[in-house]
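Chain by chain, the residues run as shown.
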Amino acid sequence: MKFDYHMHFEYGDYDEGWVQGFFDAAARRGLNEIGISEHSHTFPEFQQLYYDDLTLDDSFVGRFQSTWLKKNKFKHTLDDYFRFMDRLKSTHKVKIGIEVCNFRDQSAVENILNGRDFDYVIGSIHFLDGWGFDASALVQEFDRHDLRDLYEIYTREVERLSSTGLYDVLGHPFNLWVFNVLPTFDETEYFERAARALSKAGMAIDINTGTAYRYPIKKISPPPKFMEIAAQYRLPIITSSDAHQPEDCGRFIDEAIEYARGFEYTTCLQFDRRQRTEVPLG
C-alpha cells in the first residue's frame, strides 16, 4: 500500500478546485490513500501558544518570527477544517490529520484536541528554545549554538512529546540536518533515547521526503543512523511528502518506500479515527 499522510493546504485555501490538484497528483503516483495534516498555526485555537513559546523580541530571530506569525496564519478554525474535510470525504478517499508543534503547554494542546475526530495526530519538533530552526531565513542561528546542545534539546523535546500520549506519529524525526549542518559527534545516544521514548509511547515515525526536495540536505528524513535504531526498536512508520503544493503530493513516495525497505521495513500504518492497522509497505 502506498500512502501519503503528511501534507498541507496552507499555501492555497479551502477551495475544492485548488485542492483537487492533491488528489490528481496522488492518482498519477499510484497512491492508495492520502491524509491532510494541517499545521497547528492554521488555527486560531493555537494562536496564543505560538505567542507564548516563540522568541518574539528585538533580535533578528524575534523580528523574523514576529513577522512570520502575521503571514497566512490562524485563518481557519478547527470547525472550518472539519467542515471542509467532510465535504472532501463525500467525493474523495482522504483522512483528516493535524501536525502540532512542540508547545510547552501540552495540557492546552490536549484541551484543543479533545473531542475532535482526527484520524491521526502528528507531533513535530519545530522549535528549539523558541527558535524555529527549520526556517531558511534563520539558518545563521546554527552558528550561535553548539550542535551537540541542539541535539540534546531536540531529544528532550521528543521525550516530552512522547510522554503526553497525545500523538500517533513523530513528524520528520531529527530534521536538524536540513541545512547541511551535520554533526561531527556520534548521535547514537540521542537517537537511542528518542527511539526508547517513542517505543514506550507506541508512536510511529514519519519517513518524510519533504527534506529531499524542499531543503538543501536533499535527503529523505530521518537520517540513516536513526532509521537503523528505529528498526531495532520496531517503531512503525508512515510515508509522506510533506507537500505544501498540490503537485508535490506523493513526491518521492516510491523512494521513501525503498528507503524504509533498506532497513528491513515491510509494513506501514494506515489510520482511521486514531486506530491504526499495519499493512504491507508499497
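Above this text sits the structure in question.
A brief look at the structure comes next. (Residues numbered from 1 in each chain as written. Predicted model: local features only at pLDDT ≥ 70, side-chain atom pairs only at ≥ 80, totals over all residues. Heavy atoms only, no water.)

**Re the side chain of Thr209**
Alright, step 1. One can find Thr209 in the loop between β8 (204-208) and α8 (210-213).
Alright, step 2. Beyond its immediate stretch of four places on either side in the chain, Thr209 contacts Ile220, Ser240, Ser241, Arg251, Phe252, Ile253 and Ala256. (Helix = DSSP H or I, 4+ residues; strand = E, 2+ residues; numbered from the N terminus. Contact = heavy atoms within 4.5 Å.)

**Focus: the layout of surface pockets**
Alright, step 1. Counted as a void, the largest pocket has a volume near 710 Å³.
Alright, step 2. Broken down by secondary-structure element, the contributors of at least two residues to the lining of the largest pocket are α3 (60-68) and α8.
Alright, step 3. No other element matches the four residues that α3 contributes to the lining of the largest pocket.
Alright, step 4. Of the residues in the lining of the largest pocket, the class split is ten nonpolar, 14 polar and six charged.
Alright, step 5. Its volume calculated, the second largest pocket comes out at about 230 Å³.
Alright, step 6. Taken together, Ala231, Arg234, Leu235, Pro236, Ile237, Phe263, Glu264, Tyr265, Thr266, Thr267 and Glu278 form the lining of the second largest pocket. (1 Å grid on protein atoms, 1.4 Å probe; cavity = no way out; pocket = protein on both sides within 12 Å on 5 of 7 lines; lining within 4 Å. Points joined across faces, edges and corners; volume = space filled by probe spheres on them. Nonpolar A, V, L, I, M, F, W, Y, C, P; charged D, E, K, R; others polar.)

**Comments concerning the pattern of salt bridges**
Alright, step 1. As enumerated under the stated definition, the model contains 23 salt bridges in all.
Alright, step 2. Put simply, Arg274 and Asp168 hold a salt bridge, and the shortest N to O gap is 2.6 Å. Residue Arg274 is located in the loop between β10 (267-272) and β11 (275-280), and its partner Asp168 is located in the loop between α6 (147-164) and β7 (169-170); the two are separated by 106 residues in the primary sequence.
Alright, step 3. Judged by relative accessible area, which is 33%, Arg274 ranks as partly exposed.
Alright, step 4. Using a relative accessible area of 11% as the deciding quantity, one classes Asp168 as buried.
Alright, step 5. Here Arg214 and Asp242 are joined by a salt bridge, their closest N and O atoms 3.9 Å apart. With Arg214 in the loop between α8 and α9 (224-232) and Asp242 in the loop between β9 (237-240) and α10 (253-261), this pair connects stretches of sequence that are 28 residues apart. (Salt bridge = Lys/Arg side-chain N within 4 Å of Asp/Glu carboxyl O. Buried < 20%, exposed > 50% of the residue type's maximum accessible area, 1.4 Å probe, protein only.)

**As for helix α4 (residues 78-89)**
Alright, step 1. Here α4 contains twelve residues, and its C-alpha end-to-end distance of 16 Å stays within 8% of the 16 Å for a straight helix at 1.5 Å per residue.
Alright, step 2. If you check which residues of α4 are buried, you get Leu78, Tyr81, Phe82, Phe84, Met85 and Leu88. All buried residues of α4 lie within an arc of 165° about the axis, which places them on one face of the element.
Alright, step 3. Buried residues along α4 sit against α1 (16-28), β2 (33-39), β3 (94-101) and α5 (106-113). (Expected span 1.5 Å × (residues − 1). Arc of directions from axis to C-beta.)

**Points about the packing of α1 against α4**
Alright, step 1. Two elements in contact, α1 and α4, have axes whose closest approach is 12 Å; the angle formed by their N-to-C orientations is 60°. Here α4 runs oblique to α1, going by the angle between their axes. In this structure, α1 meets α4 at a crossing whose hand is right-handed. In contact with Glu16, Val19 and Phe23 of α1, α4 contributes Phe84, Arg87 and Leu88. (Axes fitted to C-alpha atoms, helices over the stretch in contact; angles between N-to-C directions. Parallel < 35°, antiparallel > 145°, perpendicular 65-115°, else oblique. Left-handed = near helix turned anticlockwise from the far one by under 90°.)

**With respect to the pairing of β9**
Alright, step 1. Taking every second residue as pointing to the same face, both faces of β9 are buried, with Ile237 and Thr239 on one and Ile238 and Ser240 on the other.
Alright, step 2. Of the strand pairs in this sheet, β8 and β9 are connected by four bridges, and their pairing is parallel. Within β9, the position partnered with Ile207 by the bridge is Thr239. (Pairing = 2+ DSSP bridges.)

**Regarding unusual backbone geometry**
Alright, step 1. Cis geometry marks the peptide bond from Ser221 to Pro222, where omega comes out at 5°.
Alright, step 2. A positive phi angle is found at Arg273, which is not glycine, with a value near 50°.
Alright, step 3. Here Arg273 is to be found in the loop between β10 and β11.

**What about the pairing of β2?**
Alright, step 1. Of all the seven residues making up β2, seven are buried; the element is thus mostly covered by neighbouring parts of the structure.
Alright, step 2. Residues Glu33, Gly35, Ser37 and His39 of β2 are buried on one face, and the alternating residues Ile34, Ile36 and Glu38, pointing to the opposite face, are buried as well.
Alright, step 3. Across two bridges, the pairing between strand β1 (residues 3-4) and β2 is parallel. Following the sheet pairing, Phe3 is matched in β2 by Glu33.
Alright, step 4. As judged from the six bridges shared by β2 and β3, these two strands associate in the parallel manner.

**Comments concerning the packing of helix α7 (residues 188-201) against α9**
Alright, step 1. Where α7 contacts α9, the axes come no closer than 9 Å and their chain directions differ by 35°. The two elements α7 and α9 meet at a crossing, and its hand is right-handed. Residues Thr188, Phe191, Glu192, Ala194, Ala195 and Leu198 of α7 form the contact with α9, whose own contacting residues are Lys225, Phe226, Ile229 and Gln232.
Alright, step 2. Classifying every residue of the contact of α7 with α9 by side-chain character gives six nonpolar, two polar and two charged.

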